[in-house]
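Coordinates in review
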Amino acid sequence: MDNSHKLQLNAQEMKDYGYQVIDAIVEHFIEETKKQPVVFGTREEMDSLFKTEAPEEPMNYKEVMDFVVDKVLPNSSIVSHPKSYSFVPGPSNYVSVMADTLATGFNIFSGGWAASPAAAELEIVTLNWLLKLFKFPSKKGGGLFTSGGSMANLTALVTARRQMCGDDFSKAVIYMSDQAHSSNIKAIRVLGFRKEQVRIIPTDLEFKMAINKLKNAIARDRLAGLQPFCIIASAGTTNTGTVDPLNDIARICKSEKLWFHIDGAYGGAAILSKAGALALKGIEKADSLTIDPHKWLYQPYEMGCLLVRNHKWLSQTFTEKPEYLRDIEGNTSEINFYDHGIQLTRRFRALKFYMSMKTFGLNAFRKAVAYNIDLAEETETILRASTNWEVISPATLAIINFRYNPIDKQYTEKELDALNQKISEGIIASKEALLVTTVLQNQVVLRMCLINPRTTINDIKETLQKCTAIAKTLS
Ligand SMILES: *Cc1c(COP(=O)(O)O)cnc(C)c1O
């Protein structure tokens with residue numbers, strides 16, 4: 001028998017492979033700005049490039065690598081590109097990429113204390129950094145890292161339901177605004193709630209949850225004999241960056257004895273800057289808080305995070321004791337993170353957070369977040385000073401929505417919608433920038449999410465000029 005069943009390259013081959021990987025990644029970081037952020041590809045085109053049967057026989061490792069570097073990697077949009085403004089960009093950072101490589105390279109099991117005490121300890125340490133930043137109770141507080149914001153929201157809502165309703169949640173009702181992220185609805189569906197158990201509260205003209213309407217909904221549900229149990233507030237909606245009135249909602253949760261969950265997956269990271277901390281006042285009052293380090297804390301995918309005021313809520317919700325884990329329980333200060341969430345086998349996510357914070361320092365992260373917030377405000381100033389553009393939602397936690405609406409023309413709303421849709425399509429077709437539309441108060445608008453610390457005001461000016469040029473050819 002040859003040695004192929006060992007699935008191993010020899011040392012020199014491994015090094016060659018590794019150098020090529022590192023070269024490709026470094027080039028990606030350094031040359032990024034020279035590339036175009038947008039990629040197109042139909043299913044047919046991708047099939048024609050990649051569709052094969054599973055190969056029985058080996059292939060030269062260099063050929064496999066070359067093929068991937070040439071064909072696979074370039075067929076993805078560059079979410080860290082300075083002109084990738086849409087959805088939520090993923091600026092990432094090289095140190096965390098290397099940390100992920102190490103964590104994967106050593107295949108560190110980050111489920112239980114006994115398997116990797118250092119990994120569990122680093123998760124505790126980095127979670128404590130975050131608890132402190134958000135002014136959560138330092139001793140009692142807890143949390144865990146997840147694959148992303150969706151899983152953090154799901155984990156939070158399982159916990160909320162367990163703590164507030166126990167096993168009978170047939171009358172439970174949960175509240176969120178019409179701007180809340182779709183992952184919350186998904187989580188509620190996963191949890192088996194019926195549609196009638198969710199109240200979508202309208203937002204006011206500033207896209208904030210309307211407090212009076214929230215109070216009315218809770219009162220009506222109580223009168224109907226239902227059991228209000230949880231309010232989900234958004235701390236930075238994905239559409240506009242708007243923060244719900246957190247202090248008002250906290251007061252309602254307190255007097256009505258409801259669970260207060262805050263979805264800060266988009267905006268939570270803004271706590272690092274002065275302006276952001278001001279906007280997020282009241283966030284420290286949440287029972288559970290989702291943040292998403294793979295967005296605005298500049299980590300590569302995947303990394304979400306859930307923080308809770310009391311770590312026991314997690315262990316009371318998720319601890320199961322199967323026989324085969326009996327020998328590795330340890331004492332209670334030695335946390336088994338599989339007892340704090342859904343996953344048993346978990347990758348070592350804390351390492352990238354730890355290494356990037358140690359390498360760059362928290363102050364660099366603070367400066368990056370402040371830079372992003374300022375950049376959106378500067379963009380707002382430019383837009384307001386122009387005769388072509390109209391600001392639809394002002395710069396809020398690095399998000400701004402606007403549309404082309406020149407003062408010397410009289411377009412109908414319908415024409416404006418079509419025109420702005422076309423501008424977005426035009427700029428994407430040019431591959432110059434990724435800039436898509438969203439809908440706010442029934443208007444089609446262009447949305448910029450400016451959380452990339454390597455985006456410059458000049459990038460934005462260039463993109464706006466190009467958009468104006470496209471608009472002029474259309475009208
Ligand atoms: C992105 C986002 C989520 C979902 O997070 P994922 O990391 O994509 O799973 C949830 N809530 C808000 C407000 C978001 O912006």
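Since we're looking at a predicted model, the values are computed, not measured.

Overall, the coordinates contain 13 aromatic pairs when judged by the stated rule. Judged by centre distance (5.7 Å) and plane angle (85°), the ring pair of Phe29 and Tyr94 falls under edge-to-face. Residue Phe29 is located in helix H1 (residues 11–31), and its partner Tyr94 is located in helix H4 (residues 94–105); the two are separated by 65 residues in the primary sequence. Looking at Phe29, the relative accessible area reads 21%, which means it is partly exposed. For Tyr94, a relative accessible area of 29% translates into the label partly exposed. With a centroid separation of 5.4 Å and 80° between ring planes, the pair formed by Trp389 and Phe402 is classed as edge-to-face. Of this pair, Trp389 sits in strand S8 (residues 389–396) while Phe402 sits in strand S9 (residues 399–404), and the two are 13 residues apart along the sequence. Taken as a pair, Trp389 and Phe402 share a single burial class, namely buried. Three or more aromatic residues link up through ring pairs in this structure, and these residues are Phe169, Phe193 and Phe229. Over the ring of Phe193 we find Arg161; its NZ or CZ atom is 5.0 Å from the centre of that ring.

The next thing to look at is the pattern of salt bridges. Scanning the entire structure with this criterion turns up 18 salt bridges. Put simply, Glu432 and Lys83 hold a salt bridge, and the shortest N to O gap is 2.9 Å. Of the two residues, Glu432 sits in the loop between helix H14 (413–429) and strand S10 (437–440) while Lys83 sits in the loop between helix H3 (61–72) and H4, which places them 349 residues apart along the sequence. Residue Lys83 is classed as buried on the basis of its relative accessible area of 8%. Arg199 is paired through a salt bridge with Asp221; the nearest N and O atoms lie 3.0 Å apart. Within this pair, whereas Arg199 is found in strand S3 (residues 198–201), its partner Asp221 is found in helix H8 (residues 211–223), the two being separated by 22 residues in sequence. Within this structure, Lys83, Glu432 and Glu462 form a network of salt bridges that share partners.

The next subject is the packing of H1 against H3. Following both chains from N to C, one finds H1 and H3 inclined at 10°, their axes separated by 11 Å at the closest point. Of the possible angle classes, the one that applies to H1 and H3 is roughly parallel. Of the residues in H3, those in contact with Glu13, Asp16, Tyr17, Gln20, Val21 and Ala24 of H1 are Tyr61, Lys62, Val64, Met65, Asp66 and Val69. Its residues assigned to classes, the contact of H1 with H3 shows 7 nonpolar, 1 polar and 4 charged.

What follows deals with the domain arrangement of the protein chain. The domain boundaries assigned to the protein chain delineate domain 1 (8–37 + 40–76) and domain 2 (363–474). Measuring from the centre of the C-alpha atoms in domain 1 to the corresponding centre in domain 2 gives 34 Å. Overall, the association of domain 1 and domain 2 removes approximately 460 Å² of surface from exposure, summing both partners, and the carbon and sulfur fraction of that is 61%. Sorting the residues of domain 1 by area buried against domain 2 places Gln36, Pro37 and Phe40 first, and these three jointly supply 83% of that buried surface. Along the contact surface separating domain 1 from domain 2 lie 0 residue pairs in polar contact (both at pLDDT 80 or more). Here the residues of the side of domain 1 that touches domain 2 sort into 3 nonpolar, 1 polar and 1 charged.

Quick look at helix H15 (residues 457–474) now. Between its first and last C-alpha atoms H15 spans 26 Å; for 18 residues at 1.5 Å apiece the expected length is 26 Å, and the two agree. Looking at the buried residues of H15, the elements they touch are helix H13 (362–384), S8, S9, H14 and strand S11 (443–449).

The rules behind these values
- Residues numbered from 1 in each chain as written.
- Predicted model: local features only at pLDDT ≥ 70, side-chain atom pairs only at ≥ 80, totals over all residues.
- Heavy atoms only, no water.
- Phe/Tyr/Trp six-rings, centres within 6.5 Å; stacked < 30°, edge-to-face > 60°.
- Helix = DSSP H or I, 4+ residues; strand = E, 2+ residues; numbered from the N terminus.
- Buried < 20%, exposed > 50% of the residue type's maximum accessible area, 1.4 Å probe, protein only.
- Lys NZ or Arg CZ within 6 Å of the ring centre and 35° of its normal.
- Salt bridge = Lys/Arg side-chain N within 4 Å of Asp/Glu carboxyl O.
- Axes fitted to C-alpha atoms, helices over the stretch in contact; angles between N-to-C directions.
- Parallel < 35°, antiparallel > 145°, perpendicular 65-115°, else oblique.
- Contact = heavy atoms within 4.5 Å.
- Nonpolar A, V, L, I, M, F, W, Y, C, P; charged D, E, K, R; others polar.
- Domains from an automatic or database assignment.
- Buried area = accessible area lost by both parts, 1.4 Å probe.
- Polar contact = N/O pair within 3.5 Å; in protein donor to acceptor, adjacent residues only side chain to side chain.
- Expected span 1.5 Å × (residues − 1).

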